[in-house]
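Single-letter residue listing:
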Amino acid sequence: MSAGSAKYKFQLIDTETKKLIGDQDLNIGHEKKLHLIIYDPSLREFQHVHPVFDGTMWIADTQFSADGNYWIWAQGVLASDGEEFSSSNKLDITGGTSAWPTPPVLGNQRVGTSGTSAIELSNTKLVAGKMVMLDLEMTRTDGTTPKLEPYLGAFAHIIATPADGDALIHVHPISTGPSEGMLHVTFPTAGEYRLWIQFIDDGILKTIPLSVKVF
C-alpha cells in the first residue's frame, strides 16, 4: 500500500462460525462499533481511527507518511455474547519517507507534551503480571489550567504495546480530579512498553507518546 491518504478496506471473519462480521454483529463500545489501532515497528507512527461498514467491507480513512510493516489492530465487542476482541494484521507501506530505525529504544519516559498540553505518569514500579495503579496528571506548559472533556466516552484512552509490537493493551483511566486520573493496568511480560495517551484539551484531541519499563 502506498504512503499518503488512503482508505484501508478489510473484512472481519468470526473464527468459529466463519461468517462475516458486520456492524449489526457488534455492540457500540466507547461510542464506536469498531476501533482501529495502527502503528509502525518503530512505535513512532500511530493512528486510532474508526472504520464504517458498507455492507461488505469495513473502511477506514488513514494517513501514512513513513514506510514500514505496520501493525493493524481491530477492536470491538461482539453483540452475541458481549465478548471483547482484538484482531491483528500487518500492512506494508511504501513510497513514503524512510522507515524509522528498529528495534525501538523506549526507556522510561513518563512525561510528555503535545503543544501546550502535558501529561505525567506516577513513578510506580511496574511488575509483570501484577495489577498496578498508575496516577496521571494533565497540565499545561504555559501555566494555564487544562480544559478537559471526555474522549470517546472516557476520561482518556491509553494504548500500550511491548517493544516488539505484538500485543495490545487498551485501557481507560478513571477521573480522580479535574485534571487527574488513575489507571488500573496489568502488563503481561517484562520489558519496555510504548504508551500513547489520548485525551481532549480545549476541544483538541491530544496524543502523547510515553514509555515505561516493566520488571
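Everything that follows concerns the structure shown earlier in this document.
Only a predicted model underlies this, so the values are computations on that prediction, with no experimental measurement involved.

### A closer look at the pairing of strand β11 (residues 111-114)
Right, so step 1: Where burial is concerned, the two faces of β11 differ: the one with Gly-112 and Ser-114 is buried and the one with Val-111 and Thr-113 is not.
Right, so step 2: Note that β11 and strand β12 (residues 117-121) share four bridges and pair antiparallel. Counterpart to Ser-114 in the pairing with β12 is Ser-117.
Right, so step 3: Here β11 folds back onto β12, and the loop between the two strands holds two residues, one of which, Gly-115, carries a positive phi near 65°.

### Focus on the layout of surface pockets
Right, so step 1: Here the largest pocket defines a volume of roughly 630 Å³.
Right, so step 2: As for the largest pocket, its lining consists of 27 residues, of which Ile-13, Asp-14, Thr-15, Ile-21 and Leu-78 are closest to the centre.
Right, so step 3: No other element matches strand β10 (residues 84-93), which puts five residues into the lining of the largest pocket.
Right, so step 4: A class-by-class count of the residues in the lining of the largest pocket yields 13 nonpolar, eight polar and six charged.
Right, so step 5: Roughly 320 Å³ of internal volume is contained in the second largest pocket.
Right, so step 6: Residue lining of the second largest pocket: 17 residues in total, with Gln-75, Gly-76, Glu-84, His-170 and His-172 positioned closest to the centre.

### Some remarks on empty space enclosed by the protein
Right, so step 1: By the definition in use, this model includes one cavity of 30 Å³ or more.
Right, so step 2: Estimated volume of the largest cavity: approximately 30 Å³.
Right, so step 3: Taken together, Leu-134, Ile-158, Ala-160, Ile-169, Val-171, Leu-183, Val-185, Phe-187 and Leu-195 form the lining of the largest cavity.
Right, so step 4: Elements that contribute at least two residues to the lining of the largest cavity include exactly β15 (157-162), β16 (169-171) and β18 (180-186).
Right, so step 5: Its residues assigned to classes, the lining of the largest cavity shows nine nonpolar, no polar and no charged.

### Side note on the sheet that holds β12
Right, so step 1: Reading across the sheet, the five strands line up as β11-β12-β13-β18-β17 and stay open at both edges, with antiparallel pairing between neighbours. Among the strands making up the open sheet, the edge pair consists of β11 and β17 (174-177). Shown here is a sheet whose adjacent strand axes are inclined to one another by a mean of 30°, direction ignored.
Right, so step 2: Relative to β18, strand β13 (residues 131-140) runs antiparallel, the two sharing seven bridges. Looking across to β18, one finds that Leu-136 is bridged to Gly-181.

Criteria and cut-off values
Residues numbered from 1 in each chain as written. Predicted model: local features only at pLDDT ≥ 70, side-chain atom pairs only at ≥ 80, totals over all residues. Heavy atoms only, no water. Buried < 20%, exposed > 50% of the residue type's maximum accessible area, 1.4 Å probe, protein only. Helix = DSSP H or I, 4+ residues; strand = E, 2+ residues; numbered from the N terminus. Pairing = 2+ DSSP bridges. 1 Å grid on protein atoms, 1.4 Å probe; cavity = no way out; pocket = protein on both sides within 12 Å on 5 of 7 lines; lining within 4 Å. Points joined across faces, edges and corners; volume = space filled by probe spheres on them. Nonpolar A, V, L, I, M, F, W, Y, C, P; charged D, E, K, R; others polar. Axes fitted to C-alpha atoms, helices over the stretch in contact; angles between N-to-C directions.

None of this, on its own, says anything about what the molecule does.
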